[in-house]
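Working through the structure, step by step
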Amino acid sequence: MSVPFSNTSLRVPRGFGNVLQGLAREVLREQPKNIPAFAAQYFKRLLREREKSGIDPVEWGAAIEDRFYNNHAFKTDSHLLSGEAGEQMDFDSPDKEEAILKIQASYRGYAVRQKLKKSAKAENE
């Protein structure tokens with residue numbers, strides 16, 4: 001029996017990829033014998049954490065993914081990202097933009113220095 005091809009494209013729901021990546025990571029880490037039962041426990045644990053903390057990891061992951069692609073998620077989802085005392089953070093401020101760039105540059109420099117130290121140590125051994 002053959003299945004005809006369709007030109008319909010299905011859209012992956014927002015946050016679904018992050019949830020599946022998290023599950024796949026835990027399956028690879030734990031190596032369970034019964035993967036469906038492990039997945040059920042994993043999702044129950046996610047639901048308990050969401051109910052306890054009030055933060056939905058799926059929404060948070062989707063917002064981070066959106067920020068990566070279009071940088072609009074953090075401006076509109078005030079319930080996901082707020083500053084002190086619940087005030088909305090302003091990422092468009094020139095001072096904050098400059099601080100963000102300095103932090104990113106510092107971290108990149110740190111990462112490169114660590115990589116160089118590892119390679120120098122490997123060469124010496």
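Remember, it's a predicted structure, so these values are computed and weren't measured experimentally.

**A closer look at the packing of aromatic side chains**
Applying the stated criterion across every chain yields a total of 2 aromatic pairs. On the basis of an interplanar angle of 70° and a centroid distance of 5.4 Å, the ring pair of Y42 and F43 is categorised as edge-to-face. The class for Y42 is buried, based on a relative accessible area of 11%. Between Y107 and Y110, the aromatic rings sit 6.2 Å apart at their centres with planes inclined by 40°, giving tilted as the arrangement. Taken together, the residues Y107 and Y110, both in helix α5 (residues 94-124) and 3 residues apart, mark about one turn of the helix. By relative accessible area, Y107 is classed as exposed at 56%. Given the relative accessible area of 43%, Y110 is considered partly exposed.

**Some remarks on a positive patch on the surface**
Taken together, K44, R45, R48 and K52 make up a surface patch of like positive charges. Within the secondary structure, K44 is located in helix α2 (residues 35-53).

**Regarding the confidence of the model for the chain**
Per-residue confidence for the chain averages 76 on the pLDDT scale, and 73% of its residues sit at or above 70. For the chain, the element scoring lowest by mean pLDDT is helix α4 (residues 73-76), at 52; α2 scores highest, at 89.

**A look at the packing of helix α1 (residues 16-30) against α2**
Running from N to C, α1 and α2 cross one another at 125°; their axes reach a closest spacing of 11 Å. Here α2 runs oblique to α1, going by the angle between their axes. In the packing of α1 onto α2, the handedness of the crossing is right-handed. Contacts from V19, G22, L23, E26, V27 and E30 of α1 reach α2 at I35, F38, A39, Y42 and F43. Here the contact of α1 with α2 is built from residues that sort into 8 nonpolar, 1 polar and 2 charged.

**Quick word on a nonpolar patch on the surface**
On the surface, V12, F16 and L20 cluster together to form a nonpolar patch covering roughly 280 Å² of accessible area. As for its position among the elements, F16 is in helix α1. Judged by relative accessible area, F16 falls into the partly exposed class, the value being 40%.

Definitions and limits used
Residues numbered from 1 in each chain as written. Predicted model: local features only at pLDDT ≥ 70, side-chain atom pairs only at ≥ 80, totals over all residues. Heavy atoms only, no water. Phe/Tyr/Trp six-rings, centres within 6.5 Å; stacked < 30°, edge-to-face > 60°. Buried < 20%, exposed > 50% of the residue type's maximum accessible area, 1.4 Å probe, protein only. Helix = DSSP H or I, 4+ residues; strand = E, 2+ residues; numbered from the N terminus. Patch = residues over 30% accessible without salt bridge, like charges linked within 9 Å, V, L, I, M, F, W, Y side chains within 5 Å. Areas by Shrake-Rupley, 256 points an atom, 1.4 Å probe, with all protein chains shown as cover. Salt bridge = Lys/Arg side-chain N within 4 Å of Asp/Glu carboxyl O. Lys, Arg positive; Asp, Glu negative; His and termini not counted. Charge placed at Lys NZ, Arg CZ, Asp CG, Glu CD. pLDDT = per-residue confidence, 0-100. Axes fitted to C-alpha atoms, helices over the stretch in contact; angles between N-to-C directions. Parallel < 35°, antiparallel > 145°, perpendicular 65-115°, else oblique. Left-handed = near helix turned anticlockwise from the far one by under 90°. Contact = heavy atoms within 4.5 Å. Nonpolar A, V, L, I, M, F, W, Y, C, P; charged D, E, K, R; others polar.

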